[in-house]
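Given next are the chains, with one letter for each unit.
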Protein chains: 2
Amino acid sequence: MAEKAAKSGMRAQAVHRALKRAILDQALAPGSKLPEDSIGERLGVSRTLVREALVRLSEEGLVEMRPNKGAVVARPSLEEGRHLFAARLALERLVVESLSGQLTAPQEKQLLEHIAAEEAARGRDESTSIRLAGEFHTLLASMTGNAVVIRYVNELVARSSLILALYGRPHSSECAVSEHREILESLKVRDTANAVRLMLHHLESITTRALLPREQGGDIRDVLASYAAAEGLGS
Amino acid sequence: MAEKAAKSGMRAQAVHRALKRAILDQALAPGSKLPEDSIGERLGVSRTLVREALVRLSEEGLVEMRPNKGAVVARPSLEEGRHLFAARLALERLVVESLSGQLTAPQEKQLLEHIAAEEAARGRDESTSIRLAGEFHTLLASMTGNAVVIRYVNELVARSSLILALYGRPHSSECAVSEHREILESLKVRDTANAVRLMLHHLESITTRALLPREQGGDIRDVLASYAAAEGLGS
DNA sequence: GCGGGGCAGTTTGCATGCAACGGGGGATGT
DNA sequence: ACATCCCCCGTTGCATGCAAACTGCCCCGC
């Protein structure tokens with residue numbers, strides 16, 4: 001079954017997508033080793049293709065390649081996380097500025113449906129919910145038609161899920177859905193300033209909730225827990 | 001001579017840098033074929049390493065890999081150029097906002113020296129001048145300490161030189177140096193709004209001069225010349 | 001003269017083989 | 001008991017081999 005014809009040149013891409021998906025689904029947690037031959041054996045390809053996929057993923061910042069020591073799923077630091085969200089802020093600001101008042105009817109419909117799907121998944125399916133929250137941002141980016149922005153936003157959203165996996169509290173995407181809806185409303189009525197403001201607030205709230213949540217009155221053990229995790233210690 | 005010890009794991013990177021440099025120097029013009037074995041023979045490595053470098057370069061947008069047909073130096077369209085500069089605008093805005101009033105004395109010194117070098121090269125050495133103009137932007141980005149922004153600005157500046165190589169008029173980087181100096185002045189006195197304004201103006205003037213320069217009253221042959229070049233025609 | 005089909009040379013796609021690096025664990029010496 | 005050294009095995013780094021795909025060319029039929 002499922003014998004994919006697999007034209008020449010498609011298999012490398014397939015390996016890349018398979019690994020990327022596994023990482024984003026956290027089937028491969030940050031820090032996991034990624035040995036070339038076991039992956040190749042599992043996917044039915046040679047180490048050459050696995051290596052090519054790993055090179056691509058390392059360019060995207062999803063895996064880290066340590067010379068002579070193998071590849072692991074990236075384990076970005078808190079500081080990298082802050083840098084990443086700062087870049088997202090800049091790029092997604094461009095996205096909403098480009099889109100404000102420019103959405104076509106089918107695009108509005110697609111966004112509304114996406115938000116509806118987010119609400120449907122909310123509370124029920126945690127991993128789907130997180131994935132959809134990210135995809136809202138990539139969907140917006142794709143509507144700009146700007147290939148460069150699309151690529152970077154995709155990359156940053158993907159890396160953001162690594163950050164949230166490492167440092168985010170559970171349920172940290174709670175209020176996101178309503179914020180998405182508000183952004184869409186402002187885009188529809190061409191209230192550019194408000195749309196930008198909402199997007200900045202949205203991203204900032206994600207960062208503060210996820211990245212620096214243990215500042216006020218937390219238990220010291222909770223603080224250390226995240227550092228321990230970041231250093232590969234602890235349970 | 002020049003027997004580089006070339007530790008294991010360094011050679012792939014070396015091939016990547018060599019090719020990147022050749023492309024940015026326009027020793028390899030946009031559209032040039034990049035056959036794996038002749039490159040490998042020339043650099044003294046196997047096709048495997050060349051292929052890895054080409055994959056990296058294609059991720060950076062400097063090379064286009066056509067399945068079963070080999071790699072060529074990227075030949076971005078005018079539209080891609082506009083997209084690229086839009087993204088630069090967004091990211092470099094973040095750069096100046098981050099840097100405004102934050103420059104240390106050594107950093108100011110380094111920037112002043114860089115601008116001096118730009119002025120020294122101006123008019124004398126065209127290719128050096130272009131390279132330094134780009135490096136001013138990457139230098140600013142590097143001073144933010146934000147690895148994500150550094151990476152993206154580097155990538156976008158590199159791709160910008162492809163765009164300028166294809167569509168820019170000669171001498172299009174004329175006024176850039178004084179604009180660089182103005183930006184630095186505003187950063188020093190923490191006039192953030194002005195620094196942002198100057199940077200936006202600077203990048204916009206590059207795009208309009210380079211990307212859409214043939215709108216007003218040009219000779220039809222000049223207009224077609226760029227399209228011919230873009231299609232691999234003409235002399 | 002002109003268009004189409006097929007053959008040969010060239011180049012990519014991918015697997016595999018071999019050497020070298022690194023890590024873990026046991027043996028050895030103090 | 002503890003530290004050190006060294007060997008062995010697993011894994012990576014890279015070259016090479018082989019099959020498939022593309023290119024251009026020539027020959028043949030019209």
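Structure first, text after, so check above.
About the thresholds
- Residues numbered from 1 in each chain as written.
- Chains lettered and ligands numbered in written order.
- Predicted model: local features only at pLDDT ≥ 70, side-chain atom pairs only at ≥ 80, totals over all residues.
- Least-squares fit on C-alpha atoms with pLDDT ≥ 70 in both.
- Contact = placed C-beta atoms within 7 Å.
- Pairing = 2+ DSSP bridges.
- Helix = DSSP H or I, 4+ residues; strand = E, 2+ residues; numbered from the N terminus.
- Near = placed C-beta within 6 Å.
- Nonpolar A, V, L, I, M, F, W, Y, C, P; charged D, E, K, R; others polar.

Things to note about the relation of the copies chain B and chain A
Mapping chain B onto chain A leaves a residual RMSD of 0.0 Å; the transformation is a rotation of 180 degrees accompanied by 0.0 Å of translation along its axis. Look at the turn and shift together and you get a two-fold axis relating the two. Measuring from the rotation axis to each C-alpha of chain B, the shortest distance belongs to A90 of chain B, at 2.8 Å. Take the interface residues of chain B: 100% of them recur as interface residues in chain A, which is what a same-surface contact looks like.

As for the sheet that holds strand 3 (residues 70-73) of chain B
Strand order in the open sheet made by the 3 strands is 1-3-2 (chain B), with antiparallel pairing throughout. Each having just a single partner strand, strand 1 (33-34) and strand 2 (63-66) of chain B make up the two edges of the open sheet.

Points about the protein's contact with DNA strand D
Within the structure, DNA strand D sits among 20 residues, and E36 and G70 of chain A together with R11, S46 and T48 of chain B are positioned closest to it. Of all the elements in the fold, those that place two or more residues in the surface near DNA strand D are helix 2 (36-43) and helix 3 (47-59) of chain A together with helix 1 (10-24) and helix 3 (47-59) of chain B. The element contributing the most residues to the surface near DNA strand D is helix 3 of chain B, with 3 residues. Classifying every residue of the surface near DNA strand D gives 5 nonpolar, 9 polar and 6 charged.

Quick word on the protein's contact with DNA strand C
The immediate surroundings of DNA strand C are formed by 20 residues, with S46, T48 and N68 of chain A together with E36 and G70 of chain B found nearest. Each residue belonging to the surface near DNA strand C can be placed in one class, and the counts come to 5 nonpolar, 9 polar and 6 charged.

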